[in-house]
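Understanding the architecture of this molecule
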Amino acid sequence: MLRGVENANTRAAEVLRAKRAGRWYERGLRFRCLWPECNACCSGKRGPGYVWLSVDEMHAIAQFLGKPFEQFTRNYVRQVGSRYSLIEKPNADCIFMEKGGCSIYEVRPTQCRTYPFWHEVMAGEEAWRKESTECPGIHDRAPIVPEYEVTRLLNKDRAARGIATESA
Ligand code: SF4
Ligand code: SF4
């Protein structure tokens with residue numbers, strides 16, 4: 001009985017390998033965030049930016065902070081066109097960046113969870129290499145994030161932005 005399961009698993013693994021073959025990152029990508037030595041993507045070091053978030057994410061953060069939704073959005077969210085972003089401190093740091101890290105880490109928006117595996121960064125090897133000049137966590141000695149995890153995060157980023165996803 002177990003042998004049958006094993007064979008089925010082997011076949012499934014072969015199908016998955018075939019699906020993944022040809023992806024430019026099929027062997028995974030080297031990355032590990034260097035927080036707290038680096039805080040570039042949460043701080044204003046790269047200048048002002050946007051931390052986009054959905055209404056569901058706003059509800060989750062408001063609940064985490066123990067604040068009524070209206071009060072949370074009034075104090076921490078700005079509307080940019082038809083989208084919503086967290087506000088920044090005067091020095092362009094994210095409003096939730098503290099010395100010890102992200103003060104809403106457990107409920108941080110998808111944008112924060114999926115970096116650097118964003119749609120535009122994952123456009124190809126050249127875009128990935130270029131991003132390594134912005135993010136020191138991308139380097140040749142960093143541990144490998146396996147292909148399936150890269151695809152999972154990329155798909156989360158794409159789904160949040162309404163972009164078609166990869167097969168898992
Ligand atoms: S820029 Fe890279 S290494 Fe630095 S905090 Fe962001 S993800 Fe981590
Ligand atoms: S919400 Fe947290 S993880 Fe996201 S940019 Fe702000 S401090 Fe960084």
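Reading the values: the criteria
Residues numbered from 1 in each chain as written. Chains lettered and ligands numbered in written order. Predicted model: local features only at pLDDT ≥ 70, side-chain atom pairs only at ≥ 80, totals over all residues. Buried ≥ 20, exposed ≤ 12 C-beta atoms within 10 Å, placed from the backbone. Helix = DSSP H or I, 4+ residues; strand = E, 2+ residues; numbered from the N terminus. Arc of directions from axis to C-beta. Contact = placed C-beta atoms within 7 Å. Axes fitted to C-alpha atoms, helices over the stretch in contact; angles between N-to-C directions. Parallel < 35°, antiparallel > 145°, perpendicular 65-115°, else oblique. Nonpolar A, V, L, I, M, F, W, Y, C, P; charged D, E, K, R; others polar. Near = placed C-beta within 6 Å. Pairing = 2+ DSSP bridges. Core = buried A, V, L, I, M, F, W, Y, C linked by C-beta atoms within 7 Å.

1. Focus on helix 2 (residues 55-65)
Where helix 2 is concerned, the buried positions are Glu 57, Ile 61 and Ala 62. Seen along its axis, helix 2 keeps its buried residues to an arc of 135°; they face one direction. Turned more than 90 degrees off the buried face of helix 2, the exposed positions are Val 55 and Asp 56. Residues of helix 2 that are buried make contact with helix 3 (69-76) and helix 4 (110-114). Note on helix 2: the residue one or two positions beyond its end, Gly 66, has a positive phi of about 70°.

2. Remarks on the environment of Asp 140
Looking at the element boundaries, Asp 140 is found in the loop between helix 5 (125-131) and strand 6 (144-145). Accessibility expressed as a C-beta count within 10 Å gives 6 for Asp 140, which makes it exposed. Along the chain, Asp 140 and Arg 30 lie 110 residues apart, while their C-alpha atoms are 6.4 Å from each other.

3. Let's talk about the packing of helix 2 against helix 3
Taken N-terminus to C-terminus, the directions of helix 2 and helix 3 make an angle of 100°; their axes are 9 Å apart at the nearest point. Judged by the angle between their axes, helix 2 and helix 3 are roughly perpendicular. Residue-level contacts link Met 58, His 59, Ile 61, Ala 62 and Leu 65 of helix 2 to Phe 69, Phe 72 and Thr 73 of helix 3. Here the residues of the contact of helix 2 with helix 3 are counted per class, giving six nonpolar, two polar and no charged.

4. Quick word on the site of ligand 2
Taken together, Cys 42, Val 51, Cys 94, Phe 96, Met 97, Cys 102, Ile 104, Arg 108 and Cys 112 are the residues near ligand 2. Broken down by class, the residue content of the shell around ligand 2 amounts to eight nonpolar, no polar and one charged.

5. Section: the pairing of strand 2 (residues 77-80)
Judged from the four bridges that link them, strand 2 and strand 3 (residues 83-86) form a sheet pairing that is antiparallel. Of the residues in strand 3, the one forming a bridge with Gln 79 is Tyr 84. In this structure, the hairpin formed by strand 2 and strand 3 is closed by a connection of two residues, where Gly 81 is found at a positive phi of approximately 65°.

6. Brief notes about the nonpolar core
The biggest cluster of nonpolar side chains holds 13 residues, and the ones touching the most others in it are Cys 42, Val 51, Leu 86, Cys 94, Phe 96 and Met 97. When neighbours within four sequence positions are excluded, Cys 94 is seen to be in contact with Cys 42, Val 51, Leu 86 and Glu 88. Counting residues in hydrophobic clusters, the runner-up holds eight residues, among them Phe 31, Phe 117, Val 121 and Met 122.

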